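Chain by chain, the residues run as shown.
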Amino acid sequence: MSDLLDFLNPQQQQAVAAALGPTLVLAGPGSGKTRVLTYRIAYLIGALNVPAYRILAVTFTNKAARQMEDRVQKLIGEQVSGLWLGTFHSVCGRILRREADLLPVNQNFVIFDANDQLALMKEIVRESNLDEKLYRPSSLLDAISRAKNDLIEPENYPVRNFRDEQVQRFFIQYQQRLVKNNAMDFDDMLVYTNRILEDYPVVRETYGHKFEHILVDEFQDTNLAQYAILRLLAQKNRNLYVVGDEDQSIYRWRGADYRNILRFQQDFKDAKTILLEQNYRSTQNILDGAMAVIDHNRNRTAKKLFTDAKRGEKINLIIAQDDREEADLVVSAIHNAITHQKLSPGSFAIMYRTNAQSRLLEEAFRRVGMSYRLVGAQRFYGRREVKDLIAFMRLVYNPMDEVSLRRVINLPPRGIGDKTVEKVANLAARENLSMGETLLGLAAGNPDLHEALGREASRLAAFGRMLRSWRDCAEKNPITVLFDRILEDVGYQAHIQDQSEEGLDRWENVLELRMVALEYEEQGLQAFLESMALVADQDTLPETIDAPTMLTLHAAKGLEFDQVFITGLDEMLLPHSRSRDDEEDLAEERRLLYVGITRARKRLTLTRARRRRSPYGSYEETIPCRFLDDIPAELLQGSPQDIPGRFSYGRDSGYSRWETPSWMRSAPPLREAPKTRYKPGMQVQHATYGRGVVKASKLEHGDETVEVYFEGFGLKALVASLAKLEIL
DNA sequence: GCATCGGATTTTTTT
DNA sequence: AATCCGATGC
């Protein structure tokens, strides 16, 4: 086990073999942060003979957790069992299930995701008879989430004006309703865990004793609630080992507070601090560029990153005429590099600020017929049919879940409309039951309930019986049996496969979900539902296909690629329009770019577009991202004569002379431009506008856009496939 | 109760 | 552009 340390540099060794007690590892990007953490765990187990079950390791994503588990496994060589390793939320979930007796919900509680939260809040707002425009459910939830992350209880919600008063009222009601649903939201998982640790010394003692060692990754992205939990757990043994980098703090909007690093140093005065500054990832040029960007942020402990790596290639800069060209250039550059330089497709990553930006890239990839991996965005778990089925199963697991019940009670339509549902809700409230229990009671033949519901009773009872039979089924059978039963009983396939081609897609999603369920045969319904709630799809990415990866800058944290493209380096996108007014937000945008740049090992390409299609409306001129100005010109290549100071005062006249980097040269045409059906000068006939003359026609988004001048209507832009233009 | 149509409306990042 | 909501008509 002593040779464990042989593979590490002196700084890393020092970190891995640090004496017990509170320890803070400040690690720059690419300095082997994850490595240190995994080796530390292996060191504790292997060298110090700490039993694995006495260790708790917390990561930021499920994916990181899995990676770490794998690596520890490999280091130790034998099966590590009993080690608690997971995200804050999954760890809290585990504790809360065990200690459910102490909670206002029972052990079968479900976790409400963002959609469930919104559905519930909408209902509450509607019931309040207050203006839904003034009290937007999403902004209420936002305020509530912020409060929870700061461990503010509803009763203590700071009230400064009338609106706050209302928000507080909603906060209180929202919590009550969650309890009624036997549910909690993401933030509650932290809040409840903190509360039971705080309120019950026995619990604190139990877990404090159990977790002799606590290790935390991405510590800069913890929020106050998470920090409080850590502090309580570590109170006893004080072996809190945290790893972080304030320069990579990018989740402020979610309540993360990098000042937890300072809190840690204050609360644990004897904490050792270890700096990891040697970068093993990037070339010197990339590193220089990254540092140039981040050095502009104040309030940071300056780290001097260094590397033994070569200077490497300069940072490439691509300026496209518009966003579509930007996507094409990126894709063709990748295509070239793969075909001419024989680089592996999997070594490429394209990053962007917002998920919406992936669309044009996807189209560009499809145009050249290349496959790609898309992280996040089109969330599999966000698809309607997937959510439907999960709602069914959640209802089976927890009949008190009213949000799910409302979702599925009339799905597919079975004659139970809004009115009937409200009737059930009222009856349930009167009887002091949940709606689900009411239906189950009805199915059991309770005559009072039957009478109260009158005409609709039979249909409702039928649903109740179905629910009851599913519950029986779930008790005795694996999940997939339940899954199939539900599909069968409600005729779900027929429902989604009605007529369209889209139906086939949907059915495939259903089958895909079934495959996921299959993996939980052993662990059961609870584990399945919990993972559905806590596991984002970016964790479930198949890593098997060798293709370029597209992902947001946020999702890129913790990853690395040989070839990185960062697109959309324009104001409004990066920094994002919503972050431009607040200095702290702006600093975070800068860190975001820093994170992106430091993902690159060998080659970094930054791109922007002169014009961009705005959320709605036509093209708009863009302004170059202000952070570009901070990268010294000598680190850049691409359009040299334009580089110094050009970004802020773009004097380009729509024409740029590039010194194209060699690896980008000889781009094959992406495809021969398909011919447009309509030509300038053609006479056409339109149903509404009548006769007109084609002025221009171009291909866009795989479709033809025709500009036609109509007598009396002027110039109109029409989509050829929709407009039913007749050529005369 | 249900389906369809038209109008309005939009959050950036995610456990 | 895409989705969601409400109103309308069946």
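The rules behind these values
- Residues numbered from 1 in each chain as written.
- Chains lettered and ligands numbered in written order.
- Predicted model: local features only at pLDDT ≥ 70, side-chain atom pairs only at ≥ 80, totals over all residues.
- Heavy atoms only, no water.
- Pairing = 2+ DSSP bridges.
- Helix = DSSP H or I, 4+ residues; strand = E, 2+ residues; numbered from the N terminus.
- Axes fitted to C-alpha atoms, helices over the stretch in contact; angles between N-to-C directions.
- Contact = heavy atoms within 4.5 Å.
- Parallel < 35°, antiparallel > 145°, perpendicular 65-115°, else oblique.
- Left-handed = near helix turned anticlockwise from the far one by under 90°.
- Buried < 20%, exposed > 50% of the residue type's maximum accessible area, 1.4 Å probe, protein only.
- Salt bridge = Lys/Arg side-chain N within 4 Å of Asp/Glu carboxyl O.
- pLDDT = per-residue confidence, 0-100.
- Core = buried A, V, L, I, M, F, W, Y, C linked by side-chain atoms within 4.5 Å.
- Phe/Tyr/Trp six-rings, centres within 6.5 Å; stacked < 30°, edge-to-face > 60°.
- Lys NZ or Arg CZ within 6 Å of the ring centre and 35° of its normal.

> I keep staring at the sheet that holds strand β1 (residues 23–27) and nothing clicks. Help me out?
Sheet strands pair via backbone hydrogen bonds, and the direction of the pair is either parallel or antiparallel. With parallel pairing, the 6 strands of this open sheet are ordered in space as β3-β2-β6-β7-β1-β8. The sheet terminates laterally at β3 (84–87) and β8 (272–276), the two strands that pair on one side only. Here the average twist between neighbouring strands, direction ignored, is 15°. In this fold helix α4 (residues 88–98) packs onto β2 (55–59), β3 and β6 (213–216), with an angle of close to 120° to the strand it touches most, β3. Seen against the sheet, helix α11 (residues 260–267) touches β1, β7 (240–244) and β8 and runs at an angle of roughly 150° to β1.

> Sorry if this is basic, but what is going on with the packing of helix α5 (residues 114–128) against helix α6 (residues 137–149) here?
In a pair of packed helices, the angle between the axes and the distance between the axes together describe the arrangement. Interaxial distance between α5 and α6 falls to 9 Å at its minimum, and their mutual angle equals 110°. The angle between α5 and α6 falls in the class roughly perpendicular. The two elements α5 and α6 meet at a crossing, and its hand is right-handed. Along its contact with α5, which presents Q117, L118, M121, K122 and V125, the element α6 presents P137, S138, L140, L141 and I144.

> Even after reading the chapter, I still don't get the environment of L232, so can you show me in this structure?
Of note, L232 is situated in helix α10 (residues 224–234). On the accessibility criterion, L232 (10% relative accessible area) is buried. The contacts of L232, once residues within four sequence positions are left out, are N194, L197, E198 and R204.

> Help me understand the pattern of salt bridges in this model?
Two side chains bearing opposite charge may form a pair once their charged atoms approach each other closely. Counted according to the given criterion, the structure contains 46 salt bridges. Put simply, R231 and D267 hold a salt bridge, and the shortest N to O gap is 3.2 Å. Taken together, the residues R231 in helix α10 and D267 in helix α11 connect sequence positions 36 residues apart. A residue is classified by how much of its surface remains accessible, and R231, at 39% relative accessible area, is partly exposed. One salt bridge connects E422 with R406, and the closest N-O pair in it is separated by 3.0 Å. Pair noted here: E422 is in helix α17 (residues 418–431) and R406 is in helix α16 (residues 402–408), with a separation of 16 residues, a long-range link. In this structure E422 comes out as partly exposed when scored by relative accessible area, which is 38%. Taking the relative accessible area as the measure of exposure, R406 reaches 23% and is therefore partly exposed. By sharing partners, the salt bridges in this structure join E123, E127, R177, E402, R406 and E422 into a single network.

> What is the right way to look at the pairing of strand β14 (residues 600–613) in this model?
Regular strands have side chains that alternate between both faces of the sheet. A large share of β14 lies buried, amounting to 10 of its 14 residues. Bridging between strand β9 (residues 315–322) and β14 involves 6 bridges; their strand directions are parallel. Its bridge partner being in β14, D322 is matched across the sheet by R611. Both strand β13 (residues 561–566) and β14 contribute to a ladder of 5 bridges, which runs parallel. Each residue of the ladder has a partner; that of I566, found in β14, is L606.

> Would you explain the side chain of D217 in this entry?
Turning to its location among the elements, D217 is positioned in the loop between β6 and α10. Exposure remark for D217: the relative accessible area of 6% places this residue in the buried category. If we ignore the near neighbours within four places in the chain, the residues touching D217 are K33, L37, V58, T59, M68 and V243.

> Any chance you could explain the confidence of the model for chain A here in plain terms?
Do not read the predicted coordinates in detail wherever pLDDT is low. Considering every residue of chain A, the mean pLDDT works out to 85; 86% of them sit at 70 or more. Mean pLDDT values over the elements of chain A span from 56, in helix α27 (residues 720–723), up to 97, in β6.

> Would you mind showing me how to read the nonpolar core here?
Grouped burial of nonpolar side chains is what soluble globular proteins tend to show. Counting residues in each nonpolar core, the largest one holds 71 residues, and the members touching the most others are L389, M393, W470 and F528. A per-element tally of this core places helix α15 (residues 384–397) first, with 9 residues. Beyond its immediate sequence surroundings of up to four residues, L389 is in contact with F483, I486, L487, Y492, V510 and L513.

> Looking at this model, I keep getting lost on the packing of aromatic side chains. Mind explaining?
Any two aromatic rings considered together are summarised by their centre-to-centre distance and by the angle between their planes. Evaluated as defined, the whole model comprises 14 aromatic pairs. Here the aromatic rings of F60 and Y251 are separated by 4.7 Å at their centres, their planes lie at 50°, and the arrangement is tilted. Taken together, the residues span a long stretch of sequence, with F60 in the loop between β2 and α3 (62–76) and Y251 in the loop between β7 and α11 at a distance of 191 residues. The burial state of F60 is the same as that of Y251; both residues are buried. Joined through ring pairs, the aromatic side chains of F219, Y227, F264 and F268 make up one cluster. In this structure, R97 packs its charged tip against the face of F109, placed 3.9 Å from the ring centre. A cation sits over an aromatic face here: K557 above F60, 4.4 Å from the ring centre.

> Looking at this structure, I do not really get unusual backbone geometry. What am I missing?
Apart from glycine, the bulk of residues carry a negative phi angle, and the bulk of peptide bonds sit in the trans form. The peptide bond linking L411 to P412 adopts the cis configuration, its omega dihedral lying at -10°. The topology assignment puts P412 in the loop between α16 and α17. If you check the backbone angles, N49 has positive phi at about 55° while not being a glycine. By the element assignment, N49 lies in the loop between α2 (33–46) and β2. In the Ramachandran plot, L151 falls in the positive-phi region, its phi being about 60° despite a non-glycine side chain. For L151, a relative accessible area of 26% corresponds to the partly exposed category.

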